[in-house]
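Observations on the three-dimensional arrangement
Letter by letter, the chains look like this.
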Amino acid sequence: MAGAPRRRLAPLAELLRRLPVHGCVWALLVFCFLPFVIVLLVSYPLARSARRQARLRFPPHAHRRIVDPQVIRVQKARAWTALAMSLLILVVYGTAADFEEVQEQYALRLAVTPWLLLFTAPLVITVLFRMVPVAARAGMRARLRPSMRLALRYFGAFTAVPLFFAVMVLVGESMRDYWFTPLVTFPLLALVIWAFFFVLFASATVVRTVFGTSEVHAALPALLTGVLVWELAAVNLILAGMPPGPPLIQICALFCGPASVSAVAWWEIYRLRTRHGVTLRGRPVP
């Protein structure tokens, strides 16, 4: 996987040339959707730049010690099935308020997950360190440093987004009586958008590799995922309440998602043990 070709975002001009749209139609679209076109012209180059830097700082394929295609297929199938069941429950039992809460819950997960991971990972790693033989702990500790650097880099970028936004708002408020205020706030807005895209693209690698912790122990990403999903379910229950539907549907919707993730995680650990000889109390990496 380390040598897999990297897909890139095409330049905006190249992307537009691929669309089967005549020049006159383009003129009409620009006239009718001018605000959207301006946003696209500004945000797309920023997204390309942020994606390129995110892939350099958080390589998507450089932190997978063992790649099991069958496990990846099952994980994707479980994720799509969970999404379909969630949508089905919303359509059948949901109200207008429930549909409005979906976006809030999604934003909540994006905001809470990195911090839960920050506090959960040291606990899980400490438990795992106590399980492995004493002779293997020094090597695991050395391999933990790159993961810690990745985590610090990610959380620095994650916290920079609201900080940049707050600076932009404060500067805009303090200079709103001056004619050159847009000349100052626009670069700050571009910086906020770039940082947001950087975190967005970096999160894809962070979630998949859990900061490259498979280098520490091949089973560590599965263990962290199995614990984190129950923490997210508890947070979602406390802040958003029970999902819609009859009591039986509510219980199934609440527990089946985390339970299925944990089942896949333990199946992944089983395959690591039977196919690669990786055990929680023995060999940490092949």
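Residues numbered from 1 in each chain as written. Predicted model: local features only at pLDDT ≥ 70, side-chain atom pairs only at ≥ 80, totals over all residues. Heavy atoms only, no water.

Some thoughts on the overall build of the protein chain
On a plain count of helices and strands, the protein chain comes out with nine helices and zero strands. Traced from its N-terminal end to its C-terminal end, the protein chain shows the element sequence α-α-α-α-α-α-α-α-α. For the protein chain, buried positions account for 34% of its 286 residues. A fraction of 80% describes how many contacts in the protein chain between residues 6 or more apart in sequence connect residues 24 or more apart. (Helix = DSSP H or I, 4+ residues; strand = E, 2+ residues; numbered from the N terminus. Buried < 20%, exposed > 50% of the residue type's maximum accessible area, 1.4 Å probe, protein only. Contact = heavy atoms within 4.5 Å.)

Details of the packing of helix α8 (residues 220–240) against helix α9 (residues 247–276)
Packing of α8 against α9 leaves a shortest axis separation of 8 Å and a crossing angle of 175°. By the angle between their axes, α8 is roughly antiparallel relative to α9. Of the residues in α9, those touching α8 at A222, L223, T225, G226, V229, W230, A233 and L237 are L254, F255, P258, A259, V261, S262, A265, W266, E268 and I269. (Axes fitted to C-alpha atoms, helices over the stretch in contact; angles between N-to-C directions. Parallel < 35°, antiparallel > 145°, perpendicular 65-115°, else oblique.)

Describing the side chain of T213
Relative to the assigned elements, T213 resides in the loop between α7 (181–209) and α8. A relative accessible area of 4% means that T213 is categorised as buried. Residue contacts for T213: discarding those within four places in its chain leaves S147, L220, P221 and L224.

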